[in-house]
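What follows is the residue order along each chain.
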Amino acid sequence: MFVSKAAVVGGGTMGGEIAQAIAAADIPVVVKDIDRQFVDAAVEKARTVTEGQLGRLVKKEKLTQEQADARLAEVMGLISGTTAYEGFGEVDFVVEAVPEKMEIKQAVFRELDAVTPGHAILASNTSSLSITEIGAQCALKPDKVVGFHFFYPASVMPLVEVIIGDDTTAETATAAYNFAQAIRKQPIVCGEVPGFVVNRILMATMGEIWRAQESQGLSLKAIDEAIAAAQVAPMGPFFLTDLLGLDTTLHVAEHLSESYGEGFYVHQGLKQLVADGKLGAKSGGEGFFKDGEQTIPGDAEPDAEELVAMFTGRALIEACKLVEEGVCSVRDIDVGMMAGAGLDPRKGLFPPFWKADLEGLDKVLEQIEQLEEKFGERFAAPVLLRRLVAQGRLGLQSGQGFYPYPQPDEGEQAETIKLETRGDVAIAWLANAPMNAISPDVIRDLGIVWGRVKESGDVGAFVIASSIPLVFSAGADIKAFTQMDGGKGEELIHTAHALFRDLGQGRVATIAAVNSIAFGGGCELAMACDVRIAAEAAVFGQPEIKLGIIPGFGGTQRLPRLVGPNKALEMNLVGDAILADEALEFGLANRVVPDHELLEAALMWARKLAAQAPLAREQIKLVSHKGDLDEGIENEKAGFAAAFASEDAKEGIGAFLGKRTPRWSGR
């Protein structure tokens, strides 16, 4: 499903922000509201945001004022407004952004069901309401209804939560994911629970701070300073609430408290401020603070260490629960908290799972158990955390926690690829930060590491994994390639193709452990391996056509052999991403496993394949799906003859007859 025209239902500030994000991606968008003043407000908001964005580019001398003026006219020319549903018969994607009340949203979706084309996706920008209940109003296409939750301000915040209801199809979810990417947002995919991902975690942590403040009469300013100083959030919770709007925060907090119980505390002072119309920045500045001074009682100094422990403890507990409940994957939760809550590792602010890995899961578990002993059940340690600690998976220090981490062999290492050997299994860790781009250096270093592995004679399986928790490889380093002269570029292409071909032909079995984004050259590297184990958060794609080029590392040849010619042609011509489940369905992935079990699963496969007869393993790789059927059969005959005459075959047959484990020699 492709989007050539979109619509936003609900004007005002949020509708204008969303419309602007769509138009800025050069997609026509119509804004609809029942009142013309709200439509006009949305269009004006879009203009103000666009002027601000272009003004900053002019200030940085990336655009001239003339170019900025032309671009402003271009963007605004893509936005139209209406108080009826005129033009909705041509839209492909609708974002509903009306007030956060179920009855209003349901009424809108009943109308949208009747006025939009059958293929159009209907998305709700709800922060917490049930997508299934909203979609139930669409008699014709409940399968096309999906959550599409922007974070305020939508023109700035990169996150979009794509929420799957009971009736949402995989095709709809994938289309929503790709639309989010098309408008330059960072999507994560999650199931339907109150608060979804980011708000659920935020409200759990905010609730602990609120509870402590009111029960102990703590100073708001001291709390905010303690949280900010500990680098567990970009700003203090009370200051943040004033920025977001007290009414919006209260609405979400009360909904989650009703849904999950007393573990989600609602600040009583917050309720009174909202009742008095004191909503923070959106109502003139008075909320928890006014002119820098707090407006509710409390002057006691907090125990900063305990407060921070409560904050981070509840964040990790709720994050683990989301994984245990099958709502979202480890990687997507962390990405959500980075893009939606401002936890930027570049500033020392780490999302829950990554942070726990860095601190040590055994230490984190001990801290949570102490909190449970003092504060009760809401700090009960999650099963997932207990299991990892019991397995000795303690995070960075042990090489595996919620994410895997390299523990390279001693001695000289290549620059962008780190080699780790575990018995008869070797791991090549992609280490070309920040996005593991397939650069000339990566091709060189992977070739060096692969050569060492083959020469050792002791390794039977080779795993390619990412040392960067949130990406496998975002694709080829286009900039580096464009800076090479023709001769060097041609040499690189030949070298890369030879290396990728050897990964699929050599005696050593090769396995790609795809943890996240595998686009372009990253996808082609994974396809060059014998087996692809994908994490739930894995995303595959061949987007080269969007750059006006074609796949250059075998994507037009290996992809059809894996997913079939029709699907491969579609992926290469369209350039959109597919999610892990679809990759599994079409054969691009051999298995899909939980994010935190990816390396473990890849190593299990590696140990199995490494234990197989080396010569037979090599021959199977050489002759499988080679050429047309007749040519392939002839190659299979030759391969069978070579394998059957080998010492390994005699050993294997003898071991089978003797009911023992074979000992392979590779001869």
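Structure shown above.
Residues numbered from 1 in each chain as written. Predicted model: local features only at pLDDT ≥ 70, side-chain atom pairs only at ≥ 80, totals over all residues. Heavy atoms only, no water.

### Here we look at the overall build of the protein chain
As a reminder of what qualifies: By definition, any uninterrupted DSSP run of H or I lasting at least four residues is a helix, any uninterrupted run of E lasting at least two residues is a strand, and each is numbered from the N terminus. We take the radius of gyration over the C-alpha atoms and set the globule estimate at 2.2 Å times the residue count to the 0.38 power. Here a residue-residue contact requires only that any non-hydrogen atoms of the pair lie within 4.5 Å. We get accessible surface area from the Shrake-Rupley algorithm with a probe of 1.4 Å; when it comes to residues, only the shown protein chains can shield them. Neither His nor the chain termini are counted; the positive set is Lys and Arg, and the negative set is Asp and Glu. For this purpose, a charge sits on NZ of Lys, CZ of Arg, CG of Asp or CD of Glu.
Check the secondary structure of the protein chain and you find 27 helices and 19 strands. A compact globule built from 667 residues would reach a C-alpha radius of gyration of about 26 Å, and the protein chain, at 27 Å, matches this within 12%. Dimensions of the protein chain, computed from the C-alpha atoms along their principal axes, are close to 90 × 60 × 50 Å. Sequence separation of at least 24 residues holds for 70% of the intrachain contacts in the protein chain that already meet a minimum separation of 6. Of the accessible surface of the protein chain, which amounts to about 28500 Å², a share of 53% is contributed by carbon and sulfur atoms. Side-chain charges of the protein chain comprise 62 positive and 94 negative groups, with the mean position of each set lying 4 Å from the other.

### Some words on the pattern of salt bridges
Put simply, the test is: Should a side-chain nitrogen of Lys or Arg be within 4 Å of a carboxyl oxygen of Asp or Glu, the pair is scored as a salt bridge. Here the term buried applies to any residue with accessible area under 20% of the maximum for its type, exposed to any over 50%, and partly exposed to those in between, with areas from a 1.4 Å probe on protein chains only.
Per the stated rule, a full pass over the model turns up 33 salt bridges. Of the charged contacts, one joins D332 and R331 as a salt bridge, the two residues approaching to 3.0 Å between their closest N and O atoms. The exposure classification of D332 matches that of R331, with both residues buried.

### Brief notes about helix α7 (residues 198-216)
This is how the line gets drawn: Multiplying one less than the number of residues by 1.5 Å gives the expected span of a helix.
Look at α7: 27 Å from first C-alpha to last across 19 residues, which is about the 27 Å you get at 1.5 Å a residue. With 16 of its 19 residues buried, α7 lies for the most part within the structure. Of the residues one or two after α7, G217 is the one with positive phi, at around 60°.

### Here we look at a nonpolar patch on the surface
Just so we agree on the cut-off: Patch members must show over 30% relative accessible area and no salt bridge, and they are joined within 9 Å when carrying like charges or within 5 Å when they are nonpolar side chains of Val, Leu, Ile, Met, Phe, Trp or Tyr.
A cluster of nonpolar side chains, contributed by I478, L547 and I549, occupies part of the molecular surface with about 260 Å² of accessible area. Looking at the element boundaries, L547 is found in the loop between β17 (539-541) and α21 (555-563). For L547, a relative accessible area of 58% corresponds to the exposed category.

### Things to note about the side chain of S155
Definition in use: Side-chain atoms alone can form a polar contact between residues adjacent in sequence; in general such a contact is a pair of N or O atoms within 3.5 Å, and within protein one must be able to donate a hydrogen while the other accepts it.
Within the secondary structure layout, S155 lies in the loop between β6 (145-150) and β7 (159-164). Judged by its relative accessible area of 16%, S155 is buried. Within the local environment of S155, its side chain forms a polar contact with the side chain of E17, the two groups lying 2.5 Å apart. If we skip the residues at most four places from it in the chain, S155 touches E17, Q20, V49, Q53 and K185.

### Quick notes on the sheet that holds strand β12 (residues 425-430)
Which entries qualify depends on this criterion: Any two strands with at least two DSSP-identified bridges between them are counted as paired. Angles shown run from 0 to 180 degrees and are taken between the N-to-C directions of axes, each axis being a line fitted to C-alpha atoms and, for helices, limited to the stretch in contact.
As summarised here, the arrangement of the six strands in space is β11-β12-β13-β14-β16-β19, forming an open sheet in which the pairing is mixed. Edge positions in the sheet fall to β11 (417-422) and β19 (591-593), since each has one partner strand and no second. With direction set aside, neighbouring strand axes in the sheet form an average angle of 20°. In the sheet, β12 pairs with strand β13 (residues 461-466) via six bridges, with the strands oriented parallel.

### Remarks on helix α4 (residues 102-115)
Applied cut-off: Working note: the arc is built from the helix axis to C-beta atom directions.
The end-to-end C-alpha distance of α4, which contains 14 residues, comes to 20 Å, matching closely the 20 Å that a straight helix rising 1.5 Å per residue would cover. Among the residues making up α4, those that are buried are M102, K105, Q106, V108, F109, L112 and D113. Looking straight down α4, one finds that the buried residues subtend no more than 160° of arc, so they occupy a single side. Opposite the buried face of α4, at more than 90 degrees from it, the exposed residues are E103 and A114.

### Brief notes about the packing of helix α15 (residues 361-375) against helix α16 (residues 383-390)
Heads up, the condition is: Here the angle decides the label: under 35 degrees means roughly parallel, over 145 means roughly antiparallel, 65 to 115 means roughly perpendicular, and every other value means oblique. Each crossing is labelled by how the near helix is turned from the far one, with a counterclockwise turn of less than a right angle marking it left-handed and a clockwise turn marking it right-handed. Three categories are distinguished: nonpolar for Ala, Val, Leu, Ile, Met, Phe, Trp, Tyr, Cys and Pro, charged for Asp, Glu, Lys and Arg, and polar for the others, with Gly belonging to the last.
Running from amino to carboxyl end, α15 crosses α16 at an angle of 135°, the nearest separation of the two axes being 10 Å. The orientation of α15 relative to α16 falls into the category oblique. In the packing of α15 onto α16, the handedness of the crossing is left-handed. Facing α15, whose interface residues are L361, D362, V364, L365, I368, E369 and E372, α16 presents L385, R386, L388 and V389. Residues of the contact of α15 with α16, tallied by class, amount to seven nonpolar, no polar and four charged.

### Some points on the side chain of N432
The topology assignment puts N432 in the loop between β12 and α17 (440-456). Among the polar contacts made by the side chain of N432, one reaches the main-chain carbonyl oxygen of A437 at a distance of 2.8 Å. Sequence-distant contacts of N432, defined by excluding residues within four places in its chain, comprise T416, A437, S439, V442 and I468.

### Here we look at the pairing of β7
The criterion, for reference: The path from the first strand over the helix to the second decides the hand: if it runs clockwise while the strands point away from the viewer, the crossover is right-handed.
For β7, a buried count of five out of six residues is recorded, marking the element as mostly surrounded by other parts of the structure. In this sheet, β7 lies alongside β6 in antiparallel orientation, the contact comprising four bridges. Its bridge partner being in β7, H149 is matched across the sheet by E161. The pairing of β7 with strand β8 (residues 186-191) spans six bridges and is classified as parallel. Its bridge partner being in β8, I163 is matched across the sheet by C190. Considered for its hand, the β-α-β crossover made up of β7, helix α6 (residues 170-182) and β8 is right-handed.

### Some points on the sheet that holds strand β4 (residues 93-96)
The eight strands are arranged β3-β2-β1-β4-β5-β6-β7-β8 in an open sheet whose pairing can be described as mixed. The strands lining the two open edges of the sheet, one partner per strand, are β3 (79-82) and β8. Along the sheet, successive strands turn relative to each other by an average axial angle of 25°, direction set aside. Relative to the sheet, helix α1 (residues 12-23) contacts β1 (6-9), β2 (29-32), β3, β4 and β6, its axis offset from that of β1 by approximately 170°. In this fold helix α2 (residues 36-59) packs onto β2 and β3, with an angle of close to 170° to the strand it touches most, β3.

### Some words on the environment of V266
Examined against the element boundaries, V266 turns out to sit in the loop between α10 (246-260) and α11 (268-275). Distance in space between the C-alpha atoms of V266 and I468 is 37 Å, their sequence separation being 202 residues. When sequence neighbours within four positions are dropped, the list of residues in contact with V266 reads W210, E214, L250, A253, E254, S257 and K271.

### A few points about the packing of α7 against helix α12 (residues 304-324)
α12 packs onto α7 with a crossing angle of 150° between their chain directions and a minimal axis gap of 8 Å. In terms of their interaxial angle, α7 and α12 are classed as roughly antiparallel. For the pair α7 and α12, the crossing hand works out as right-handed. Between α7 and α12, the contacting residues are R200, I201, A204, T205, E208, I209 and A212 on the first element and L307, M310, F311, R314, A315, E318, A319, K321 and L322 on the second. Split into classes, the residues belonging to the contact of α7 with α12 amount to 10 nonpolar, one polar and five charged.

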